[in-house]
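Chain by chain, the residues run as shown.
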Amino acid sequence: MENTDELKIERFSKSNIKKVLMDRAILFVLLLLIVIIAIINPKILSFRVLRDVLMQSSTKIMIALGMMLVILIGGVDLGAGRLVGMAAVVSASLLQNSDYIRRFYPNMGPLPIFLPILIAIIIGALWGIINGIVVAKFQVPAFIATLGSMLIIYGVNSIYFNLPPNNSQPIGGLRPDFTNLGSGSIGPIPIILMFAIVCTIFMWVLLNKTVFGKNIYAVGGNKEAAMVSGINITLTILGLFIVCDSLIALGGVLEAARTGGATNNYGVGYELDAIAACVVGGVSVTGGVGKVSGVVTGVLIFTFINYGLTFVGVNPYWQNIIKGLIIVAAVTFDIQKYVQKK
Amino acid sequence: MDYILEMQNVTKTFPGVKALDNVTLKVRPGTVHALMGENGAGKSTLMKCLFGLYNMDQGQIIYNGKEVQVNDAKEALSLGISMIHQELHTNPHRSVMENVWLGRYPRIGGPKSPFVDDKKMYKDTDKLLKSLGLTMKPTDLLRNLSVSRAQSVEIAKAVSYNSKLIIMDEPSSSLTETEVAHLFGIINNLVAKGVSIIYISHKMEEILKISDDVTIMRDGQYVGTWEAKDLTTNMIIKKMVGRDLTNRFPARNPQIAGELLKVENFNSPNPLSFKDVNFTLRKGEILGIGGLVGAQRTEVMEAIYGLRVHDKGKLYLRGEEIQIKKPRDAMNKGFALLTEERRKTGIFPLLSVRDNLLIANMKNYKKSGLLSDEQMNIDTEEQIKSLSIKTPTSRTLIQTLSGGNQQKVLFARWLLTHPDILILDEPTRGIDVGAKYEIYVLMKDIAEQGKGVIMISSEMPELIGMTDRILVMSEGRVAGIVDSKTTSQEEIMILATKFVG
């Protein structure tokens, strides 16, 4: 029994508490921010707000989980936001009410709902293959490869969006069975949240229980070692981009369903929110370290703060400044963990 | 079967260099076979051919009685050949078991299943570690293990492949004597089970102790194979260098004068690091720093040099107290520090030999705000010549030079700053006998100019052979300071373990 007592003392010793505080510093700062917001306007702690935050977070969780895979190998997917836009436009253009006046395809009969969603996800997977080949096979840094695909995706999507008779008009009049996916609920639980939960479970299993997932951590942590151990690095990177961009495309589809429309500018900047959420959630930008739970927490906190700042009436320009500070602080704290204390 | 492995007439050319010329290597089953030669002799190239990382131009590999083609690491591993690289190939952020089974995790429900069987992996790893007498847990993260324990994980990994032949490329270069003893224990255990080991090292004493056979290479050519019991250190050196090297250390004539540096009560704010360190360094003296890895020797030197903080303690230079807060302060006071990890904190691999030479001294080449090429080239050529650095041109990238020549460039870098106190952290680690001797001569010359040299070393013969006094550290404290002329390896080892445990 003496031993366990000693262990307890050890665990709660001063330096240990300091270490825990330091490791989770950014979380404490953000929780503090939430407390401040709640003090300014206690109405924010209502069921309706919570539901709103969860629904807004849902698509962001999918995008951030996709982004996490690329960050795990030390890269980023800058094309994520534009891919959200493309998936939103494509799925919305195929799922308009038959009696809507400005239809994208005026003469097209109604499609089964899963088909346009599947098409959008396949488009995402195709971009994943392209990104994956450029990064894995041609060894272009992910940052540059996806910077290119970001521009190309936007260009392609804008050409599609500008096709007659649509001519760059916002796509509206979406079918109720489609918008229901974004705004409806089964019982008290929003459908879109269920999608997010399923994606989260999927990603947790993928990363923690499959060979592919372990290989992603291996490639991110030490590429050389992975190579020497006979891991197919090209296939691993290709695979993770396919999963990443498919998830992002699903996020785009649900974003269209949630907001009831789409334009070619949908999703702009979402990649930055996703990177921020990952970083706040403890995914290391140097690769090899990161947990699904961290990413989900990161998204929830970030969305809540976003919502809360607007709720208490903070000027939008200041909101940007605050978000920027959070991101830099998060990485600063993260890096300190790995910097040898000298 | 006489041999587990026969490599015959292996030739490998790189553009402009014949790296291997008709080399032969024959390894008997269940033996430790040392592969020796100076840096650049072709040992690593030969091993990379065997391991499928390079393709041979000519030659054949007969393994287990059959001729084999090895095209990549995976094929080598499936044949039962594994390699423990000089630089550890581990993933610091993952657990021991994931590192061991990397690339072939056990799966739930058959080899095609996508799901990893964590429980089986834990059990198998636990069994494996226990069979090797290793005490870490399968779930320990690699980044929390010491270098030597991380290395044992690599050995465990090699064993887990059921390897019949394990190549170890300088496995002891970052280990202390006790850790080396532990490594040898593991090796003997493996050999008893019929495994053969190809052991690459520069440490003669080790080679003679552990190996059964010795193959020596020189300049990409095969010199010969002998039984270790028929060899002596001097014979090996002679065969490696191709000439007589009568003494391993240059004769010194120390002229020791008054106190140059005094370190008083140095303490680290980290309770696990160094404490109460006191010593003096005299003009013209070479002071050795001995101790086990983890004795905080590097940390003390880095604190003196301003790379680390210390909370108490004072520094006196020629009797006057000085403050060093950052390396620039130290350099201004005449300190120079040649760091331990050449690749990590020494060379700039993608810069030229010239830029690597001058980088600590650039401000001296400014002419009306711009750098003057002329003076830079003159100094570079002079240093290349006086230290006989083997490089095609001064514009060659330093990463293409051998380890010994890289080290000489770094030495020259600090000589150009004209230091009064030169701190050397493992200056001869991983470099060959010839280059070692040249570095010893440089140390001797500097000391004879009345300057002070501090050398951290884990190699006992070098510590005793090159220094005037040896300060031995143990668990962050000074265990004693001994006279190099009268001390022995045993005395140093006793001091090094004084505060352990």
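Our subject is the structure that appears above.
Residues numbered from 1 in each chain as written. Chains lettered and ligands numbered in written order. Predicted model: local features only at pLDDT ≥ 70, side-chain atom pairs only at ≥ 80, totals over all residues. Heavy atoms only, no water.

Undergrad: How would you summarise unusual backbone geometry if you had to cite specific residues and measurements?
TA: Of note, the bond from P164(A) into P165(A) is cis; its omega dihedral lies within 30 degrees of zero at 0 degrees. Locating P165(A) in the fold gives a position in the loop between α7 (142-161) and α8 (176-183). Here the phi dihedral of N22(B) falls at roughly 60 degrees; this positive angle occurs in a residue that is not glycine. Relative to the helices and strands, N22(B) is located in strand β2 (residues 17-27). In this structure, D276(B) takes a positive phi of about 50 degrees despite not being glycine. (Helix = DSSP H or I, 4+ residues; strand = E, 2+ residues; numbered from the N terminus.)

Undergrad: Lay out the environment of R94(B) in plain terms, naming residues and giving numbers.
TA: With respect to the secondary-structure elements, R94(B) resides in the loop between β6 (81-84) and α3 (96-100). Residue R94(B) is classed as buried on the basis of its relative accessible area of 15%. For the pair R94(B) and L463(B), spaced 369 residues apart in sequence, the C-alpha to C-alpha distance is 37 Å. The contacts of R94(B), once residues within four sequence positions are left out, are Y217(A), N99(B), D140(B), L141(B) and L142(B). Within polar-contact distance, the side chain of R94(B) engages the side chain of E98(B) at 3.0 Å. (Buried < 20%, exposed > 50% of the residue type's maximum accessible area, 1.4 Å probe, protein only. Contact = heavy atoms within 4.5 Å. Polar contact = N/O pair within 3.5 Å; in protein donor to acceptor, adjacent residues only side chain to side chain.)

Undergrad: I'd love a proper account of the pairing of strand β10 (residues 221-227) of chain B, names of residues and values included.
TA: Residue and element names in this part refer to chain B. Sheet topology places strand β9 (residues 213-218) next to β10; six bridges connect them, and they run antiparallel. Paired with M217 across the strands is Y222, a residue of β10. If you look at the hairpin formed by β9 and β10, you'll find two residues sitting between the two strands, and D219 has a positive phi there, around 50 degrees. (Pairing = 2+ DSSP bridges.)

Undergrad: Outline the pairing of strand β14 (residues 312-317) of chain B, supporting the account with residue identities and numerical values.
TA: Residues and elements named next belong to chain B. Here strand β11 (residues 259-267) runs beside β14; their pairing, made up of five bridges, is antiparallel. Counted as the bridge partner of L261 is L317 from β14. As defined by bridge partners, β14 adjoins strand β15 (residues 320-322) across three bridges and the pair is classed as antiparallel. What sits directly across from L317, in β15, is E320. Following β14, the chain reverses through two residues before pairing antiparallel with β15; R318 in that reversal takes a positive phi of roughly 50 degrees.

Undergrad: Report on the packing of aromatic side chains, specifying residues and quantitative values.
TA: In the structure shown here, the tally under the stated rule is five aromatic pairs over all chains. Above the plane of the ring of Y154(A) lies R82(A), whose end atom (NZ or CZ) is 3.7 Å from the centre. The positively charged end of R94(B) is found above the aromatic ring belonging to Y217(A), 3.9 Å away from the centroid. (Phe/Tyr/Trp six-rings, centres within 6.5 Å; stacked < 30°, edge-to-face > 60°. Lys NZ or Arg CZ within 6 Å of the ring centre and 35° of its normal.)

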